[in-house]
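Notes for the structure review
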Amino acid sequence: MRKMYCSLVSLLLLLQLTACTGLGITISQGTPVATATGSQAQGTGEEQQIAQRLFKQINQDRAANTLPPLAWEPRLQRSARQHDLVMAKGCGLMHQCPNELDLGRRISKQGVQWRTAGENIGEGGPVFSNADTWNMVSMIHQGMMAEKPPDDGHRRNLLSKDFHRIGISIYIDAQHTLWLTEDFAD
């Protein structure tokens, strides 16, 4: 029964992932942009720890594909965190929510100099513990890495030779939904 549940969850996760290379998507009308304050802007210790664990996993996957590691970029992480909060506030799983800057302007506002940028986003849950959180993040990541052309935008972002920096944010909202944003830049 657990195996069937995990298979079903994996299938649903694949439907809840969105990758974007280049610059954003235009959406009209809707949800106001959330602003992060205090610890919400940084994330909880658990969220930060899981993000760092995912960062290590991404670099292991890049090494297995003979690619250099990505560098952690705190300004990309801040951009990713802000986007997680906007999605969780009601926009849902989108690269550009109403009243939100597109990816390029969002990361530039954080002080990131870039020529090429990309973004992966995912959603899952509910999660109630550290183990649940890592399992969900791991399943989302595995789903991204298992993509096949032509629908392999997440995988292409993760294994891109053009990207050298990454910022990852994980946010768990009050309903225990996990939001994941990975912002990439050259």
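Structure report, in brief. Please read all numbers here as calculations on a predicted model, not as lab measurements. (Residues numbered from 1 in each chain as written. Predicted model: local features only at pLDDT ≥ 70, side-chain atom pairs only at ≥ 80, totals over all residues. Heavy atoms only, no water.)

Some points on the pairing of strand S4 (residues 165–172)
Basically, it comes down to this: Relative accessibility under 20% of the residue-type maximum defines a buried residue, over 50% an exposed one, and the middle range a partly exposed one, all with a 1.4 Å probe and only protein chains included. Helical segments are the DSSP runs of H or I of at least four residues, strand segments are the runs of E of at least two, and each set is numbered from the N terminus. Any two strands with at least two DSSP-identified bridges between them are counted as paired.
Counted residue by residue, S4 has eight buried out of eight residues, so it is predominantly covered. Across the two faces of S4 the burial is the same, with Arg165, Gly167, Ser169 and Tyr171 and Ile166, Ile168, Ile170 and Ile172 all buried. As paired elements, strand S2 (residues 71–72) and S4 share two bridges and run parallel to each other. If you follow Trp72 over to S4, its bridge partner there is Ile166. Bridging between S4 and strand S5 (residues 178–185) involves eight bridges; their strand directions are antiparallel. Looking at the pairing, Ile172 lines up with Leu178 of S5. Joining the antiparallel neighbours S4 and S5 is a turn of five residues, in which His176 adopts a positive phi near 70°.

Structural notes on helix H4 (residues 74–91)
Filter applied, for reference: One less than the number of residues in a helix, times 1.5 Å, gives the span that helix is expected to have.
Compared with the 26 Å implied by 1.5 Å per residue over 18 residues, the 24 Å span of H4 between its first and last C-alpha is a close match. Just downstream of H4, Gly92 is the residue with a positive phi angle, here 85°.

A short note on unusual backbone geometry
Of all residues except glycine, most have a negative phi; of all peptide bonds, most are trans. The linkage connecting Gly125 with the following residue, Pro126, adopts the cis geometry, with an omega of 10°. Despite not being glycine, Thr66 shows a phi value in the positive range, around 50°. Within the fold, Thr66 resides in the loop between helix H3 (45–64) and S2. One non-glycine residue, Asn99, adopts positive backbone phi at about 65°. Among the structural elements, Asn99 can be located in the loop between H4 and helix H5 (103–109).

Things to note about the packing of aromatic side chains
This is how the line gets drawn: Side-chain rings of Phe, Tyr and Trp, where Trp is taken by its six-membered ring, are said to pair if the distance between their centres is within 6.5 Å; with planes under 30 degrees apart they count as stacked, over 60 as edge-to-face, and otherwise as tilted.
This model, assessed by the stated rule, comprises two aromatic pairs. Measuring from ring centre to ring centre gives 5.2 Å for Phe55 and Trp72, while their planes differ by 70°; the resulting arrangement is edge-to-face. Highlighted residues: Phe55 in helix H3 and Trp72 in strand S2, separated in sequence by 17 residues. The buried category is assigned to Phe55, whose relative accessible area is 13%. Between the aromatic rings of Phe163 and Phe184, the centroid separation amounts to 5.3 Å while the plane-to-plane angle is 25°, which identifies the pairing as stacked. Here Phe163 is found in the loop between helix H7 (153–158) and S4, whereas its partner Phe184 is found in strand S5, with 21 residues between them in sequence.

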